[in-house]
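Here is how the chains run, residue by residue.
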Amino acid sequence: MAWLSPIECFMATKIPKIPKIPKISQPKPARVPDVEDDGVVVLERRTEKTRPPSMYQVVMLNDDYTPMEFVVQVIQEFFSKDLETATQIMLKIHLDGRGVCGVYSRDVAATKVDQVMEAANKAGHPLQCVSEPLEP
Ligand code: TYC
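Cut-offs and rules
Residues numbered from 1 in each chain as written. Predicted model: local features only at pLDDT ≥ 70, side-chain atom pairs only at ≥ 80, totals over all residues. Heavy atoms only, no water. Helix = DSSP H or I, 4+ residues; strand = E, 2+ residues; numbered from the N terminus. Buried < 20%, exposed > 50% of the residue type's maximum accessible area, 1.4 Å probe, protein only. Contact = heavy atoms within 4.5 Å. Areas by Shrake-Rupley, 256 points an atom, 1.4 Å probe, with all protein chains shown as cover. Near = heavy atom within 4 Å. Polar contact = N/O pair within 3.5 Å; in protein donor to acceptor, adjacent residues only side chain to side chain. Core = buried A, V, L, I, M, F, W, Y, C linked by side-chain atoms within 4.5 Å. Expected span 1.5 Å × (residues − 1). Patch = residues over 30% accessible without salt bridge, like charges linked within 9 Å, V, L, I, M, F, W, Y side chains within 5 Å. Salt bridge = Lys/Arg side-chain N within 4 Å of Asp/Glu carboxyl O. Axes fitted to C-alpha atoms, helices over the stretch in contact; angles between N-to-C directions. Parallel < 35°, antiparallel > 145°, perpendicular 65-115°, else oblique. Left-handed = near helix turned anticlockwise from the far one by under 90°. Nonpolar A, V, L, I, M, F, W, Y, C, P; charged D, E, K, R; others polar.

Considerations on the overall build of the protein chain
Thought 1: Of regular secondary structure, the protein chain possesses four helices and three strands.
Thought 2: Secondary structure of the protein chain in N-to-C order comes out as α-β-α-α-β-α-β.
Thought 3: By the burial criterion, 24% of the 136 residues in the protein chain qualify as buried.
Thought 4: Of the contacts made within the protein chain by residues no fewer than 6 positions apart, 65% connect residues no fewer than 24 positions apart.
Thought 5: Accessible surface computed for the protein chain: about 11,500 Å², of which carbon and sulfur atoms make up 58%.

In structure tokens form, the structure reads like this:
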């Protein structure tokens, strides 16, 4: 029998044992419904849809002292109405005691009221104007 080299001898007689690397078993993360795919945690899910903003009507009130011409000018200037429309609104207020000059979001309506009241005060007229919420 011919002599084997040490390597041949090793190869022929011994199958080297590769030690098994113990598996570190980690529990699979459960699929939590509130965790999005990108890992972002959703704290609250909204089921409500965004609602349109509540609207407010700007109402002007009648009085016995403010000149009709002044009211017409105010309605034209702050509510962007032409002369004919402003005159019709003024006459309605004069006859019914009140009339709607326009409908706006809350902040815009409040600004309109402020503008009318400031103009009336500056001119020394008792003209009154209020903002009222409309039903959605
Ligand atoms: N009644 C007022 C007059 O006879 C006119 C007027 C109209 C005043 C509308 C206020 O909001 C008003 N001079």
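Here's the deal with the site of the ligand
Thought 1: Around the ligand, the structure places M60, L61, N62, D63, T66, M68, V71, M90, I93, H94 and L127.
Thought 2: Between L61 and the ligand, the recorded distance is 2.7 Å, taken from a backbone N or O atom to an oxygen atom.
Thought 3: Within the contact set of the ligand, a nitrogen atom lies 2.9 Å away from a backbone nitrogen or oxygen of T66.
Thought 4: Relative to its unbound accessible surface of 340 Å², the ligand loses 89% to contact with the protein.

Remarks on the side chain of Q57
Thought 1: With respect to the secondary-structure elements, Q57 resides in strand β1 (residues 55-61).
Thought 2: By relative accessible area, Q57 is classed as buried at 15%.

A word on the nonpolar core
Thought 1: V58, M60, I75, F79, V116 and L127 are the most contacted members of the largest nonpolar core, which totals 23 residues.
Thought 2: Residue assignment for this core shows that the elements contributing at least two residues are β1, α2 (68-79), α3 (83-96), β2 (98-105) and α4 (106-123).
Thought 3: For this core, the element with the most residues is α2, which contributes seven residues.
Thought 4: Setting aside residues up to four positions removed in sequence, I75 forms contacts with M60, S80, K81, A86, I89, M90, I93 and C101.

Regarding α2
Thought 1: An ideal rise of 1.5 Å per residue puts 16 Å on 12 residues; α2 measures up with 16 Å between its terminal C-alpha atoms.
Thought 2: The complete set of buried residues in α2 reads F70, V71, V72, V74, I75, F78 and F79.
Thought 3: Of the surrounding secondary structure, the elements contacted by the buried residues of α2 are β1, α3, β2 and α4.
Thought 4: At the C-terminal side of α2, S80 shows a positive phi close to 50 degrees.

Brief notes about a nonpolar patch on the surface
Thought 1: Where nonpolar side chains cluster on the molecular surface, the patch consists of M55, V100, V103 and L134 and spans about 270 Å² of accessible area.
Thought 2: Following the sequence through the fold, V103 ends up in strand β2.

A closer look at the packing of α2 against α3
Thought 1: One can describe the packing of α2 onto α3 by two numbers: an axis separation of 9 Å at closest approach and a directional angle of 125 degrees. The angle between the axes of α2 and α3 places the two elements in the oblique class. The hand of the α2/α3 crossing is right-handed. Judged by residue contacts, M68, V71, V72, I75 and Q76 of α2 engage L83, A86, T87, I89, M90, I93 and H94 from α3.
Thought 2: Of the residues in the contact of α2 with α3, the class split is nine nonpolar, three polar and no charged.

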